[in-house]
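Here's the letter readout for the chains.
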Amino acid sequence: MPSVSNPPSLAVVGAGDRGNAYARFALEHPERLRIAAVAEPDPVRRERFAALHRIPAAAVFADWRELLDGPPLADGLLVATQDSGHLEPALAALGRGYRLLLEKPMALDEVSCRRIVDESERTGNEVVVCHVLRFSSFWR
C-alpha cells in the first residue's frame, strides 16, 4: 500500500472534465493535496493536465494499465473515466493498494458495483464515490 505523503498525493485516471474538476482542488490547496500522476488517452488533455500539475514525464501515461503496472505513484487514485470504463481501473487500483476516489456511477450494473465493494473489503482499501449533487434540493 502506498505510504501517505505530506501532502497526500493523488493519481488521476481520466483528465477530462471530471478529472480536471476534482484535481483543481490540488491547485487551490497545494498544502492539502498534490497530483502525482495522470493516465489519459487523449494526448492534448494528457499533456495539458501534466503541465498544469507539474507532473514529471515518468508519471504521465496514455493508459491506466501503464500507470498501475509499476510501483504505486500516489496515496490514492481518482477514476474519472467514462462511466463504462470505471470497473477495470477501480479493481486494479484497489488490488495495487490504492485508496480509491471513484466518479459516479461506480459501475454500470449491480454485479460490477458489488465487485468493487468486494475488492475494497478484501484489500482493506477504501472507496469513496463522488456524488457532487448530494446536497442539491433534487437529491434531498
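Structure: above.
Residues numbered from 1 in each chain as written. Predicted model: local features only at pLDDT ≥ 70, side-chain atom pairs only at ≥ 80, totals over all residues. Heavy atoms only, no water.

Asker: Mind showing me how you'd approach the nonpolar core here?
Answerer: Nonpolar side chains tend toward joint burial in soluble globular proteins. Counting residues in hydrophobic clusters, the biggest one holds 41 residues, and the most contacted among them are I35, F49, I55, L67, L77, L100 and I116. Residues in contact with I116, not counting those within four places in the same chain, are L87, A90, L91, L94, L102, M106, A107 and V127. (Core = buried A, V, L, I, M, F, W, Y, C linked by side-chain atoms within 4.5 Å. Buried < 20%, exposed > 50% of the residue type's maximum accessible area, 1.4 Å probe, protein only. Contact = heavy atoms within 4.5 Å.)

Asker: Could you clarify how one ought to interpret helix 5 (residues 110-123) in this entry?
Answerer: One turn of the α-helix equals 3.6 residues, which is why residues spaced by three or four share an orientation. Compared with the 20 Å implied by 1.5 Å per residue over 14 residues, the 20 Å span of helix 5 between its first and last C-alpha is a close match. Among the residues of helix 5, S112, C113, I116, E119 and S120 are the ones counted as buried. Seen end-on, helix 5 carries its buried residues on one side only, within an arc spanning 125°. Those residues of helix 5 that are exposed and aimed more than 90 degrees away from the buried face are E110, V111, R114, E121 and R122. Packed against the buried residues of helix 5 are helix 4 (87-95), strand 5 (99-103) and strand 6 (127-130). Regarding helix 5, its N-cap is D109, as a side-chain oxygen of that residue lies 3.2 Å from the backbone nitrogen of V111 further along. G124 sits one or two residues past helix 5 and shows a positive phi near 80°. (Helix = DSSP H or I, 4+ residues; strand = E, 2+ residues; numbered from the N terminus. Expected span 1.5 Å × (residues − 1). Arc of directions from axis to C-beta. Polar contact = N/O pair within 3.5 Å; in protein donor to acceptor, adjacent residues only side chain to side chain.)

Asker: Looking at this structure, how should I read the sheet that holds strand 6?
Answerer: Hydrogen bonding along the main chain pairs the strands of a sheet, whether they run parallel or antiparallel. An order of 3-2-1-4-5-6 is seen for the 6 strands of this open sheet, with the pairing classed as parallel. What marks the edges here is a single partner per strand, and that holds for strand 3 (60-61) and strand 6. Where strand 5 and strand 6 come together, 4 bridges link them in parallel fashion. Bridge assignment links L101 to a residue of strand 6, and that residue is V128. Of the strands in this sheet, strand 1 (9-13), strand 2 (34-39), strand 4 (76-79), strand 5 and strand 6 touch helix 1 (residues 17-28), which is tilted by about 160° from strand 2. (Pairing = 2+ DSSP bridges. Axes fitted to C-alpha atoms, helices over the stretch in contact; angles between N-to-C directions.)

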